[in-house]
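The primary structure of each chain is shown beneath.
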Amino acid sequence: SRIGAIAQVLDGCAKTSIQRTNSSDWVRMGKGYYLQASGAQKIRAIWGIYFRDRQVTKDINADGSYSYLVTGVVGSKVLDQLYGEVTIEIDGGRSSNDPFFKGRDGRTEPDPLDVRKASLANWEARAVTALLGLKNLSAEDLKRNGILVDQIAGVEYQQRAEGGGKTGLISDGQRKRLWAISKEAKVSE
């Protein structure tokens, strides 16, 4: 049947996609595994991934930091042949406030080009994984396709704290800033 044939093509492409990657192309976040930009680039050709209408905007925040936001459309020639045109709009980006950029190469401020490139990589990985459904895979999904999951880097979040922050505490820097604001506003101790 046509549905069976489509399922076979999609399963074959998904299996080949995972097999084309390696442990360094994945990251473990909690219990799920997510494809990074390096892996997304490796599987583009399998699916005939294309991008359209990509736009990059730079936003300057009140504190002087900045963010790059990337928007655009992603599609797949393979999916288009099976279903007609299949595209989605997706966004991605990075901020100069991201701890990833702090202290690199001995600098205190990140190179704007590094932040821009990282925002493009974030967008590409988000676009490919969202279109193809290659998000939140299990260890078994990856093991079955030859990925050594014990070699995948992981990110652990503290309980009840998305992104790893402690929801009940403020940092020393936040405490000092609150103290300075309170003192300036003549709020008593």
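Right above here is the structure, for reference.
Keep in mind it's a predicted model, so treat the numbers as computed, not measured.

1. Focus: the pairing of strand S2 (residues 32–35)
- Across 4 bridges, strand S1 (residues 26–29) lies against S2 in antiparallel orientation. From the neighbouring strand, Met-29 faces S2, where its bridge partner is Gly-32.
- Hairpin geometry of S1 and S2 is characterised by an intervening segment of 2 residues between the two adjacent antiparallel strands and by a positive phi of about 70° at Gly-30.

2. Brief notes about the packing of helix H1 (residues 2–20) against helix H2 (residues 37–47)
- The N-to-C vectors of H1 and H2 enclose an angle of 150°; their axes lie 9 Å apart at closest approach. It follows that H1 is roughly antiparallel to H2 by the angle criterion. Remark: the crossing between H1 and H2 carries right-handed chirality. On the side of H1, the interface is formed by Leu-10, Cys-13, Ala-14, Thr-16, Ser-17 and Arg-20, while H2 contributes Lys-42, Ile-43, Ile-46 and Trp-47.
- A class-by-class count of the residues in the contact of H1 with H2 yields 6 nonpolar, 2 polar and 2 charged.

3. Things to note about the sheet that holds strand S4 (residues 66–76)
- Spatial strand order, S3-S4-S5: 3 strands in an open sheet with antiparallel pairing. Both edges of this open sheet fall to strand S3 (49–60) and strand S5 (87–95), since each of them pairs with a single strand only. Between one strand and the next, the sheet's axes are offset by a mean angle of 20°, whatever the strand orientation.
- Across 9 bridges, the pairing between S4 and S5 is antiparallel. Bridge assignment links Thr-71 to a residue of S5, and that residue is Asp-91.
- The strands touched by helix H4 (residues 112–132) within the sheet are S3, S4 and S5, with S5 carrying the most contacts at an inclination of about 150°.

What counts, and where the lines are drawn
- Residues numbered from 1 in each chain as written.
- Predicted model: local features only at pLDDT ≥ 70, side-chain atom pairs only at ≥ 80, totals over all residues.
- Heavy atoms only, no water.
- Pairing = 2+ DSSP bridges.
- Helix = DSSP H or I, 4+ residues; strand = E, 2+ residues; numbered from the N terminus.
- Axes fitted to C-alpha atoms, helices over the stretch in contact; angles between N-to-C directions.
- Parallel < 35°, antiparallel > 145°, perpendicular 65-115°, else oblique.
- Left-handed = near helix turned anticlockwise from the far one by under 90°.
- Contact = heavy atoms within 4.5 Å.
- Nonpolar A, V, L, I, M, F, W, Y, C, P; charged D, E, K, R; others polar.

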